[in-house]
Amino acid sequence: KAPMPGLVSEVLVKEGLPVAKGAPLLILEAMKMENVLKAPGDVIVKEILVSKGQKVEKNQVLALFK
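Residues numbered from 1 in each chain as written. Predicted model: local features only at pLDDT ≥ 70, side-chain atom pairs only at ≥ 80, totals over all residues. Heavy atoms only, no water.

**What about the layout of surface pockets?**
We apply this condition: Here a cavity means grid points, on a 1 Å grid over the protein atoms only, where a 1.4 Å probe fits yet cannot get out; a pocket means an open set of points with protein on both sides within 12 Å along at least five of seven lines; lining residues are those with an atom within 4 Å of a point. Grid points are joined across faces, edges and corners, and a volume is the space filled by probe spheres set on the points. The helix and strand labels rest on DSSP assignments: H or I over at least four residues marks a helix, E over at least two residues marks a strand, and numbering proceeds from the N terminus. Residues are grouped as follows: Ala, Val, Leu, Ile, Met, Phe, Trp, Tyr, Cys and Pro are nonpolar; Asp, Glu, Lys and Arg are charged; all remaining types, including Gly, are polar.
Estimates place the volume of the largest pocket at around 160 Å³. Around the largest pocket, the lining residues are Lys1, Leu25, Leu26, Leu37, Lys38, Pro40, Val61, Leu62, Ala63 and Phe65. For the lining of the largest pocket, the secondary-structure elements that each account for two or more residues are β3 (24-30), β4 (33-38) and β7 (63-65). For the lining of the largest pocket, the per-class residue count stands at eight nonpolar, no polar and two charged.

See the structure below:
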């Protein structure tokens, strides 16, 4: 989920790929700062629900995991 409203500036992973705990998933730009959102655990990316350049709201789901 998005920790704050902002703009998705980069999506760093692809659907179906495994990612390790703490690996960067995407970059959210908010209040002139870049926030790197990281994997909560060792997961497989099931679906990415946002794209580069998309505005998001606080608590919006950005990606789903298996």
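**A word on the sheet that holds strand β1 (residues 6-11)**
Heads up, the condition is: Paired strands are those between which DSSP finds at least two bridges.
Strands sit in the order β4-β3-β1-β6 across an open sheet of four strands; the sheet is antiparallel. Looking at which strands have only one partner, the edges of the open sheet turn out to be β4 and β6 (55-56). Relative to β4, β3 runs antiparallel, the two being bridged by six bridges. Among the inter-strand pairings, Glu29 is bridged to a residue of β4, identified as Glu34.

Without other data, these values stay purely geometric and don't point to any function.
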